[in-house]
Amino acid sequence: MDKIKFDEDVILGIEETLAEISKFHFILEEGQKGLHILFSPEMIRETFSSQSQDLSDMFHDHLEEINKVINESFQFETIEEKRNYFASLSKDLQKALVYGYFQLIDGQSIPEERTFH
């Protein structure tokens, strides 16, 4: 069976990879509806208490770490496990991850379908 290597410690089979892509797609669809299942309301509130430019800078400064964290999250089977993992990260990395998530959701939305959070 073919394996896909996401990180030096994360290697998934094709079926596992497709399952993770499906979960990711589901998470984004729910996010577009205003249901943010990976992050607690407190984590989201704390993130957006920061200035937009500060969040953008933080996101760009942590891009490599964000990629690693997302790849590492593939090892967790449930949304709850992923959520707990993200909650265990440093506050700056949490903010960068949440900010990037919302940027991704906003980029996927058609302007008239956007949900204001």
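All of these numbers come straight from a predicted model, not from anything done at the bench. (Residues numbered from 1 in each chain as written. Predicted model: local features only at pLDDT ≥ 70, side-chain atom pairs only at ≥ 80, totals over all residues. Heavy atoms only, no water.)

J.: Can you help me understand the overall build of the protein chain in this one?
T.: Helix and strand counts for the protein chain come out as 6 helices and 2 strands. Starting at the N terminus and walking to the C terminus, you meet the elements of the protein chain as β-β-α-α-α-α-α-α. For the protein chain, the proportion of contacts with a sequence separation of at least 24, taken over those separated by at least 6, is 68%. Summed over all atoms, the accessible surface of the protein chain reaches about 7,600 Å², with 52% contributed by carbon and sulfur. (Helix = DSSP H or I, 4+ residues; strand = E, 2+ residues; numbered from the N terminus. Contact = heavy atoms within 4.5 Å. Areas by Shrake-Rupley, 256 points an atom, 1.4 Å probe, with all protein chains shown as cover.)

J.: How should I be thinking about the nonpolar core in this particular structure?
T.: Soluble globular proteins tend to bury their nonpolar side chains together. Counting 22 residues, the largest nonpolar core has Phe39, Val69, Phe86, Leu89, Leu97 and Tyr101 as its most contacted members. The set of elements that each furnish at least two residues to this core consists of α1 (14–32), α2 (41–47), α3 (52–61), α4 (63–73), α5 (79–87) and α6 (91–108). For this core, the leading source of residues is α6, giving 8 residues. The residues touching Phe39, leaving out its near neighbours within four places in the chain, are Ile44, Arg83, Phe86, Leu97, Val98 and Tyr101. (Core = buried A, V, L, I, M, F, W, Y, C linked by side-chain atoms within 4.5 Å. Buried < 20%, exposed > 50% of the residue type's maximum accessible area, 1.4 Å probe, protein only.)

J.: Looking at this structure, I do not really get the environment of Phe74. What am I missing?
T.: With respect to the helices, strands and loops of the structure, Phe74 is situated in the loop between α4 and α5. Considered as a pair, Phe74 and Glu16 are 58 residues apart in the sequence and their alpha carbons are 8.9 Å apart.

J.: What's the story with α5 in this structure? I'm lost.
T.: Turn by turn, an α-helix covers 3.6 residues, leaving residues three or four places apart pointing in a common direction. Restricting attention to buried positions, one finds in α5 the residues Lys82, Tyr85 and Phe86. Across the axial projection of α5, the buried residues extend over an arc of 95°, all falling on one side. At its buried positions, α5 is contacted by α1, α2, α4 and α6. (Arc of directions from axis to C-beta.)

J.: Can you help me understand the packing of aromatic side chains in this one?
T.: Each aromatic ring pair is summarised here by two numbers: the centre-to-centre distance and the angle between the ring planes. Using the criterion set out here, one finds 7 aromatic pairs in the structure. Among the aromatic residues, ring-to-ring pairing joins Phe39, Phe48, Phe76, Tyr85, Phe86, Tyr101 and Phe102 into one connected group. (Phe/Tyr/Trp six-rings, centres within 6.5 Å; stacked < 30°, edge-to-face > 60°.)

J.: Explanation requested: the side chain of Lys82 in the structure shown.
T.: For Lys82, the position within the fold is in helix α5. The class for Lys82 is buried, based on a relative accessible area of 4%. Leaving out residues up to four positions away in the same chain, Lys82 has contacts with Glu20, Lys23, Leu38, Ser73, Phe74 and Phe76.

J.: Got a minute to help me understand the packing of α4 against α5 in this structure?
T.: In a packed pair of helices, the relevant descriptors are the angle between the two axes and the axis-to-axis distance. Look at α4 against α5: their axes get within 10 Å of each other, and the N-to-C directions meet at 150°. As the angle between them shows, α4 and α5 are arranged roughly antiparallel. At the point where α4 passes α5, the crossing takes the right-handed sense. Seen from α4, the contacting residues are Val69, Glu72 and Ser73; seen from α5, they are Lys82, Tyr85 and Phe86. (Axes fitted to C-alpha atoms, helices over the stretch in contact; angles between N-to-C directions. Parallel < 35°, antiparallel > 145°, perpendicular 65-115°, else oblique. Left-handed = near helix turned anticlockwise from the far one by under 90°.)

J.: Just checking my understanding: could you explain the packing of α3 against α6 for this structure?
T.: One can describe the packing of α3 onto α6 by two numbers: an axis separation of 9 Å at closest approach and a directional angle of 100°. One finds that α3 runs roughly perpendicular with respect to α6. Mapping the contact onto sequence places Ser52, Leu55, Ser56, Met58 and Phe59 in α3 and Asp92, Lys95, Ala96, Tyr99 and Gly100 in α6. The residue makeup of the contact of α3 with α6, split by class, is 5 nonpolar, 3 polar and 2 charged. (Nonpolar A, V, L, I, M, F, W, Y, C, P; charged D, E, K, R; others polar.)

Interpretation note: all reported values are geometric properties and have no functional meaning in isolation.
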